[in-house]
Amino acid sequence: MNQPLADMLRYNKWANQTLFEACRALSDEQLDAAIDWTSGTIRALLLHLAGGQQTFVLRTQGRQHAGELNRWSVWPGFDAVLDVLSRSSDELIAIAEKADGEATADLAWQGKVFRFPKNFFLVHAMEHGVEHRTEIKLALASMGVETPDLDGWHWAAAAGLSSEV
């Protein structure tokens, strides 16, 4: 079991869901606004975040490109994207909880097969979330939209991780 990594992925789930819920109130114009210094529109980034998590789950199984969402997917609506995000978050957490640190996955890429520790895909999922949540928050801020505070202290409070002694 890799409890610290599982906890990081619990934070990742909370931060993603908090940001996605904040984006739910955006207009189509705001969701589709092109911001020069981001890697896509907010809508595309939301799809990419959810689909990326699906991909990371698949990669721990030595698979990828099995119909997961991506930036160019047809927008299925917030409820559907949040469902993908929630299920893939729970799967990543479960994989971390079972991880022994020695498990590997073989992944085909460009005609070759590479072996990776499964934990790598979990760490990458965490980093991927931070990167694209930051892009979305910056895009929102550039439009004058207040962004949620995704600091770890807020997650700790939401998760009930502390108590007065």
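From a predicted model like this one, the values you see are computed outputs, not experimental measurements.

Participant: Would you explain the overall build of the protein in this entry?
Facilitator: The helix and strand inventory of the protein stands at 6 helices and 2 strands. In sequence order, the protein lays out its α and β elements as α-α-α-α-β-β-α-α. The principal-axis extent of the C-alpha atoms belonging to the protein is close to 55 × 45 × 25 Å. For the protein, with 165 residues in total, the buried portion stands at 43%. Side-chain charges in the protein split into 14 positive and 22 negative, and the spacing between the mean points of these groups amounts to 8 Å.

Participant: Could you clarify how one ought to interpret the nonpolar core in this entry?
Facilitator: The tendency in soluble globular proteins is for nonpolar side chains to be buried side by side. Counting 28 residues, the largest nonpolar core has Tyr-11, Phe-20, Cys-23, Ile-42, Leu-46, Ile-136 and Leu-140 as its most contacted members. Beyond its immediate stretch of four places on either side in the chain, Leu-140 contacts Leu-19, Cys-23, Leu-26, Ile-42, Val-145 and Thr-147. Grouped together as the second largest cluster of nonpolar side chains are 10 residues, Leu-5, Val-57, Ile-93 and Ala-96 included.

Participant: Hey, could you run me through the layout of surface pockets in this one?
Facilitator: Over the atoms rolls a probe the size of a water molecule, and its path tells where empty space is left. Counted as a void, the largest pocket has a volume near 220 Å³. Elements represented by at least two residues in the lining of the largest pocket include exactly helix H3 (42-60) and helix H5 (118-142). Looking at which element gives the most residues to the lining of the largest pocket, the answer is H3, with 6 residues. Split into classes, the residues belonging to the lining of the largest pocket amount to 3 nonpolar, 8 polar and 3 charged.

Participant: Could you clarify how one ought to interpret the environment of Gln-53 in this entry?
Facilitator: Note that Gln-53 resides in helix H3. Among all residues touching Gln-53, those that are not within four sequence positions of it are Asn-12, Asn-16, Leu-85, Ser-88, Ser-89 and Leu-92. For Gln-53, the side chain forms a polar contact with the side chain of Asn-12, separated by 2.8 Å. Only 3.1 Å separates the side chain of Gln-53 from the side chain of Asn-16, close enough to count as a polar contact.

Participant: It is not clear to me how H3 should be interpreted in this structure. Could you clarify?
Facilitator: Residue pairs spaced three or four apart in an α-helix point in one direction, given the helix's 3.6 residues per turn. Between its terminal C-alpha atoms H3 stretches 27 Å, which fits the 27 Å expected from 19 residues at 1.5 Å a residue. Across the 19 residues of H3, 18 count as buried, placing the element largely inside the fold. Just downstream of H3 lies Gly-62, where phi reads positive at about 75°.

Participant: Can you help me understand the packing of aromatic side chains in this one?
Facilitator: Aromatic rings considered in pairs are described by the distance between their centres and by the relative angle of their planes. By the definition in use, this model includes 7 aromatic pairs. Ring geometry for Tyr-11 and Trp-14: centres 5.8 Å apart, planes at 45°, overall tilted. Of this pair, Tyr-11 and Trp-14 both sit in helix H1 (residues 3-23), 3 residues apart, roughly one helical turn. Aromatic ring contacts, followed pair by pair, group Tyr-11, Trp-14 and Trp-155 into a single cluster. Between the NZ or CZ atom of Arg-43 and the centre of the ring of Trp-75, over which it lies, the distance is 5.1 Å.

Participant: Which parts of the structure should I look at to understand unusual backbone geometry?
Facilitator: Negative phi values dominate among residues other than glycine, just as trans dominates among peptide bonds. Even without being a glycine, His-65 presents a positive backbone phi close to 55°. Tracing the chain through its elements places His-65 in the loop between H3 and helix H4 (78-98). Backbone geometry at Gln-110 places phi at a positive 50°, although glycine is not the residue there. Mapped onto the fold, Gln-110 is located in the loop between strand S1 (104-109) and strand S2 (112-117).

Cut-offs and rules
Starting from 1, residues in each chain are numbered consecutively following that chain's sequence as written. Totals for whole chains, interfaces and linings use every residue, but because this is a predicted model, local features are given only for residues with pLDDT of at least 70 and side-chain atom pairs only at 80 or more, for both listing and counting. Note that water and hydrogens are dropped before the side-chain values are worked out from all heavy atoms of the structure. Helix and strand assignments follow DSSP, with helices taken as H or I runs no shorter than four residues and strands as E runs no shorter than two, numbered in order from the N terminus. Here the term buried applies to any residue with accessible area under 20% of the maximum for its type, exposed to any over 50%, and partly exposed to those in between, with areas from a 1.4 Å probe on protein chains only. Note on charges: Lys and Arg go in the positive column, Asp and Glu in the negative column, and His and the chain ends are not counted at all. All charge positions are set by atom: Lys at NZ, Arg at CZ, Asp at CG, Glu at CD. The set of buried Ala, Val, Leu, Ile, Met, Phe, Trp, Tyr and Cys residues whose side-chain atoms join them within 4.5 Å is what this entry labels a nonpolar core. Any two residues whose heavy atoms approach within 4.5 Å are treated as being in contact. Here a cavity denotes grid points, spaced 1 Å and computed from the protein atoms alone, that fit a 1.4 Å probe unable to get out, and a pocket denotes an open set having protein on both sides within 12 Å along at least 5 of 7 lines; residues with an atom within 4 Å of a point are the lining. Grid points are joined across faces, edges and corners, and a volume is the space filled by probe spheres set on the points. The residue classification treats Ala, Val, Leu, Ile, Met, Phe, Trp, Tyr, Cys and Pro as nonpolar and Asp, Glu, Lys and Arg as charged. All others, Gly included, are polar. Polar contact is defined as a pair of N or O atoms within 3.5 Å, subject to the rule that within protein one atom must be able to donate a hydrogen and the other to accept it, and that residues adjacent in sequence are counted only when both atoms are side-chain atoms. Multiplying 1.5 Å by the helix residue count minus one yields the expected span of that helix. In summary, the pairing rule links any two rings of Phe, Tyr or Trp, Trp by its six-membered ring, whose centres are within 6.5 Å, and it sorts them by plane angle into stacked for under 30 degrees, edge-to-face for over 60 and tilted for everything else. Our definition puts a charge over a ring when NZ of Lys or CZ of Arg is within 6 Å of the ring centre and also within 35 degrees of the ring normal.

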